[in-house]
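Here is how the chains run, residue by residue.
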Amino acid sequence: MSFPRPLRRPRLLAALLLTPVLAGCFASGAADGRAGGAARLRVALAFPPAEQLSPYGADGTILSRLGITESLTALGGNGAAAPALASSWRQEGARSWLFTLREATFHDGTDVTAQTVAASLARAGRAEPAPAAMSGISLTAQAVDRHRVRITTGRPDPILPLRLSSPGLAVLSARAYAHKGAVDPVGSGTGPFVLKKVNGTTSATLDRYDGYWGGRARATGIDVRFIADGTARTNALRSGDTDIAEAVPVAQAATLAKATRRETATARTTSLLLNSRSGPFRDAGLRAAARAAVDTSGLARGVYEGHADRGAGIYGPAVTWAEGKHLRPQGRAAAKRADGTAVTLATYDNRPELPEVAQVLKQQLEKSGFRVKLVVREYSRLESDALAGKFDAFVLARNSLVDTGDPVAVLAGDYTCDGGYNLALLCDRAVDRAVAAAERAADPAERRTAALRAEAAILGTDTVVPLVHQRVVTGVGSAVEGVLLDPYERTLIGTGTRR
């Protein structure tokens, strides 16, 4: 099956004509954003806060990308756990690990101690829903002395240091928890930049934190605007109103000078998720019919204009160990006739390709006999409804390694009965058993093999249809240095980022 290639010229023309409208939208106190001879950075992010910048959900990556929060460990370039607030660690037994903390202070001037780390992790464990990195596990943290904290898990967890690198398990000061039931990252992180002010879902102001343990950042601060419209983000970069523009639409990439366009292969997969708990897709035969109706062959070269690869599984080419090793799904139901079954398909426009992908899927599903209603909103206005099962199908772009760097964690968080980010609302005992088996594997090679078996079990339910594996385009001003781009999409601004 093929579909018509979208016309790009009118959109390109419209993008160019819109540029003057955005002039000045990043104006700061000084004309060029400089103070005392150093420059503030102006950043346009695609996703407004969905949960008032709580670290426990999708907003956690906003905090880590802006250099506000840190966890005990970090995800190294080789995919292994690296020191962060913890300078070292060792395993004491099957369920116990001892972490030694470095000398560091919170943005409110208080010290990072074993007691504050234990309290912060305890709050994360009580969060509802739980951070994705904690799906399927329980842990307790206890201070041994001022600089050592012992973390014990309910069952053996061989990848605990990697799990603790999650942005959702950021360590915050006691100030963050002053109000019952809320988490406030303003002035309570440990990173090179301190969050000073949040203006709802429109903007945020950050200043350099001169007491940062890793040394003073080169930029004096960051002025952030949350701009869901991808064309507007690109225009802001092109007109000089911002220094860094996240998630440049592929339709706009060619309008940027080559020197200002950075493409990064990521672990992000765009998938069609089918609600298996309620509505018509509770029927495995109708899920099979929807999966059979979807033709992914043209999405990568059509909608994504070559900035993506055809979907091969939950893990894409950036996850190099999975390349060419995906297992064939088993036990799929036979496809039923759609016969005019009505379904609601939803997606969000913060990633501008997704509404276009959804429109193509709508046409394909309708051609196979479904009646499709399409819903498109900003992500912050969509997530809670999706988790509540208010849609029959959902188009999601998800980085499979962003939560922990562990390939099994995304399966536990997204596709098990107790998963905290289970947008497909899948609850299948065979899947849970396969994921649990993968979680028990300690050897990295065995864990990856088990993850591929669990992936095949998930795909066999037809609740997820991988569409494309995405490469992300970031717009970076020609005067900007030191932007941190990684396949896990956890970092963006660091101590060396400047203009």
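Refer to the structure printed above.
Residues numbered from 1 in each chain as written. Predicted model: local features only at pLDDT ≥ 70, side-chain atom pairs only at ≥ 80, totals over all residues. Heavy atoms only, no water.

**Q** What is the right way to read the pairing of strand E17 (residues 371-377) from this model?
**A** When a strand is regular, its side chains alternate between the sheet's two faces. Where strand E16 (residues 342-348) and E17 come together, seven bridges link them in parallel fashion. Note that in E17 the partner of Thr347 across the bridge is Val376. Each parallel crossover has a hand, and the one from E16 via helix H8 (residues 353-367) to E17 is right-handed. (Pairing = 2+ DSSP bridges. Helix = DSSP H or I, 4+ residues; strand = E, 2+ residues; numbered from the N terminus. Right-handed = clockwise from strand over helix to strand, strands pointing away.)

**Q** I'm lost on the packing of aromatic side chains in this one. Help?
**A** The description of an aromatic ring pair rests on the distance of the ring centres and on the angle between the ring planes. One pass over the full model with this rule turns up nine aromatic pairs. An aromatic cluster of at least three residues, connected via ring pairs, comprises Phe47, Tyr348, Tyr379, Phe391 and Phe394. In this arrangement the basic side chain of Arg102 is found over the ring face of Trp213, its NZ or CZ atom lying 3.9 Å from the centre. (Phe/Tyr/Trp six-rings, centres within 6.5 Å; stacked < 30°, edge-to-face > 60°. Lys NZ or Arg CZ within 6 Å of the ring centre and 35° of its normal.)

**Q** I tried to follow the pattern of salt bridges on my own but got confused; where do I start?
**A** Where charged atoms from two side chains of opposite charge approach closely, those side chains can pair. Under the definition given, this model contains 26 salt bridges. Measuring nitrogen to oxygen at the nearest pair gives 3.0 Å for the salt bridge that ties Asp462 to Arg332. Taken together, the positions of Asp462 in the loop between helix H12 (444-460) and strand E19 (464-476) and Arg332 in the loop between strand E15 (308-310) and E16 put the pair 130 residues apart, joining distant regions of the chain. For Asp462, a relative accessible area of 1% puts it in the buried group. For Arg332, a relative accessible area of 33% puts it in the partly exposed group. Two residues, Glu366 and Lys362, come together in a salt bridge whose shortest N-O distance is 2.8 Å. Taken together, the residues Glu366 and Lys362, both in helix H8 and four residues apart, mark about one turn of the helix. Judged by relative accessible area, Glu366 falls into the partly exposed class, the value being 32%. Via salt bridges that share partners, Arg40, Asp207 and Asp223 belong to a single interconnected network. (Salt bridge = Lys/Arg side-chain N within 4 Å of Asp/Glu carboxyl O. Buried < 20%, exposed > 50% of the residue type's maximum accessible area, 1.4 Å probe, protein only.)

**Q** Where do I start with the environment of Ala132 in this structure?
**A** Note that Ala132 resides in the loop between helix H3 (114-125) and strand E8 (139-145). The class for Ala132 is buried, based on a relative accessible area of 15%. C-alpha of Ala132 to C-alpha of Arg163: the two residues are 31 residues apart in sequence and 9.8 Å apart in space. Apart from residues lying up to four places away in sequence, Ala132 is in contact with Arg398 and Asp403. (Contact = heavy atoms within 4.5 Å.)

**Q** Even after reading the chapter, I still don't get the state of the cysteines, so can you show me in this structure?
**A** Covalent bonding between the sulfur atoms of two cysteines defines a disulfide. Throughout the structure, instances matching the rule amount to one disulfide. Disulfide pairing is shown between Cys417 and Cys427; the S-S distance is 2.0 Å. Because the sign of the S-S torsion sets the handedness, a value of about 100 degrees for the bond joining Cys417 and Cys427 places this disulfide among the right-handed ones. With Cys417 in the loop between helix H10 (407-415) and helix H11 (429-440) and Cys427 in the loop between H10 and H11, this pair connects stretches of sequence that are 10 residues apart. Residue class for Cys427 comes out partly exposed when judged on its relative accessible area of 48%. (Disulfide = S-S within 2.5 Å.)

**Q** Can you help me understand the environment of Thr201 in this one?
**A** Topologically, Thr201 is positioned in the loop between strand E10 (193-199) and strand E11 (203-208). Judged by its relative accessible area of 40%, Thr201 falls in the partly exposed class.

**Q** Would you take a moment to explain the packing of H11 against H12 for this structure?
**A** Packed helices, taken two at a time, are described by the angle their axes make and the gap between the axes. Between H11 and H12, the least distance of the axes is 8 Å, while the angle of their chain directions is 170 degrees. It follows from the interaxial angle that H11 and H12 lie roughly antiparallel. Note on element contacts: H12 touches H11 through Arg447, Ala450, Ala451, Ala454, Ala457 and Ile458, opposite Val431, Ala434, Val435, Ala438, Glu439 and Arg440. Within the contact of H11 with H12, the residues separate by chemical class into nine nonpolar, no polar and three charged. (Axes fitted to C-alpha atoms, helices over the stretch in contact; angles between N-to-C directions. Parallel < 35°, antiparallel > 145°, perpendicular 65-115°, else oblique. Nonpolar A, V, L, I, M, F, W, Y, C, P; charged D, E, K, R; others polar.)

**Q** What's the story with the side chain of Arg447 in this structure? I'm lost.
**A** Position of Arg447 among the secondary structure elements: in helix H12. When residues no more than four places from it in sequence are discounted, the contact partners of Arg447 are Pro158, Ile159, Asp406, Val408, Ala438, Glu439, Arg440 and Ala441.

**Q** Looking at this model, I keep getting lost on the nonpolar core. Mind explaining?
**A** Leu272, Tyr315, Phe370, Phe394 and Leu411 are the most contacted members of the largest nonpolar core, which totals 75 residues. The next biggest cluster of nonpolar side chains, apart from the first, holds 30 residues, and it includes Leu85, Phe106, Leu160 and Leu172. (Core = buried A, V, L, I, M, F, W, Y, C linked by side-chain atoms within 4.5 Å.)

**Q** Please clarify how the sheet that holds strand E6 (residues 86-91) should be interpreted in this entry.
**A** Through backbone hydrogen bonds, the strands of a sheet pair up, either in parallel or in antiparallel fashion. Read across the sheet, four strands follow the order E6-E7-E9-E8 without closing on themselves; strand pairing throughout is antiparallel. In this open sheet, the two edge strands, each paired with only one partner strand, are E6 and E8. Recorded for the sheet is a direction-independent mean angle of 25 degrees between the axes of neighbouring strands. Pairing analysis gives six bridges linking E8 to strand E9 (residues 148-153), with the strands arranged antiparallel. Its bridge partner lying in E9, Gln142 is registered against Arg150. H3 rests against strand E7 (96-101), E8 and E9 of the sheet, and its axis sits at about 170 degrees to E8.

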